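Architecture at a glance
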Amino acid sequence: MTLEAQIVGAREAATTFAANEEEVVGVVPAETSSGRLIFLCAFGGSGGEERWLALDTAGEPVLERALVHEAASIAAMCELAEDSVGGGDLEDLRATLAELRATENPEGIDAAEEAARVLVGTLLKAPRVASLAYLDAVGLAAARLEQTLGDVGSSPFAEAMKVGVGAADELARRVEGTYKLALA
């Protein structure tokens, strides 16, 4: 079964948990460190309130707090990684590199353009599963790009990820705090 079909199935299963005037507004697939695929389902209501429910691949609610927290954290960190690579605008960076090649052709431009191309190839199109393996792949490709650009010392990508850990944890706590069922 394709990921798209699994997401549709998770959305359909989640709708059975929707309260009056509430709808499923998003489904995010995430894989935990143990390899368990979980679908984080976001619900929205007419009053703007947010509720969450995690479903397993059988469409059953996940009631283990630690699994829900982990899945939400991984999903948030993957989003942050995608938003942070290449200084936040990878296509703009690639255009700048192409312009540098055309105007100055500095030493190392080939390596930088190749690293940017590899990074673009590493980023998966939606829908994709948020996972630690994906997060690692994006991080390695981002580090390679930064190295070819001459960023030595602190990595802008690594710094963004460090700062983002707090935001990912906050999202996970918000998911737990607005969870539709009791967590154990």
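The following refers to the structure shown. Sequence positions are assigned chain by chain, starting from 1 and proceeding in written order. Under the rules for a predicted model, residues below a pLDDT of 70 receive no local features and side-chain atom pairs below 80 are neither given nor counted, while totals for whole chains, interfaces and linings still include all residues. For side-chain calculations, the full set of non-hydrogen atoms in the structure is used, while hydrogens and water are omitted.

**Section: the overall build of the chain**
For clarity, the cut-off: Runs of E in the DSSP output that reach at least two residues are strands. Runs of H or I that reach at least four are helices, and both are numbered from the N terminus. Type-normalised accessible area, obtained with a 1.4 Å probe on protein chains alone, sets the label of each residue: buried when under 20%, exposed when over 50%, and partly exposed for intermediate values. Accessible areas in this description were obtained via Shrake-Rupley with a 1.4 Å probe; residue shielding takes into account the shown protein chains only. All tallies of charge rest on Lys and Arg as positive and Asp and Glu as negative; His and the ends of each chain are not included. By convention, the point assigned to a charge is CZ for Arg, NZ for Lys, CD for Glu and CG for Asp.
Check the secondary structure of the chain and you find six helices and three strands. Element order for the chain, N to C, with α for helix and β for strand: α-β-β-β-α-α-α-α-α. Considering the chain as a whole, with its 184 residues, one finds that 40% of them fall into the buried category. Accessible surface, the chain as shown: approximately 9,800 Å² in total, 54% of it carbon and sulfur. One way to put it: in the chain the 14 positive side-chain charges average out to a point 3 Å from where the 31 negative ones average out.

**A closer look at the pattern of salt bridges**
For clarity, the cut-off: One speaks of a salt bridge when a side-chain nitrogen belonging to Lys or Arg is within 4 Å of a carboxyl oxygen belonging to Asp or Glu.
If you walk through the whole model with that rule in mind, you get 13 salt bridges. The salt bridge involving Glu 113 is made with Arg 101; its shortest N-O contact spans 2.6 Å. Placement of Glu 113 in helix H4 (residues 109-122) and of Arg 101 in helix H3 (residues 90-103) is noted, with a sequence separation of 12 residues between them. Residues Asp 169 and Arg 173 are paired through a salt bridge, measuring 2.1 Å at the closest nitrogen-oxygen approach. Of this pair, Asp 169 and Arg 173 both sit in helix H6 (residues 156-177), four residues apart, which is roughly one turn of that helix. For Asp 169, a relative accessible area of 26% corresponds to the partly exposed category. One salt-bridge network, held together by shared partners, links Glu 79, Glu 82 and Arg 128.

**Side note on the environment of Ser 34**
Note the threshold: Any pair of nitrogen or oxygen atoms within 3.5 Å is treated as a polar contact; in protein, a donor-acceptor pairing is required on top of that, and neighbouring residues in sequence qualify only through side-chain atoms on both sides.
By the element assignment, Ser 34 lies in the loop between strand E1 (22-31) and strand E2 (37-45). Sequence separation between Ser 34 and Asp 83 is 49 residues; the distance between their C-alpha atoms is 25 Å. A polar contact of 3.0 Å, which involves the side chain of Ser 34, links it to the side chain of Thr 32.

Keep in mind that these numbers describe shape and distance, not what the molecule does.
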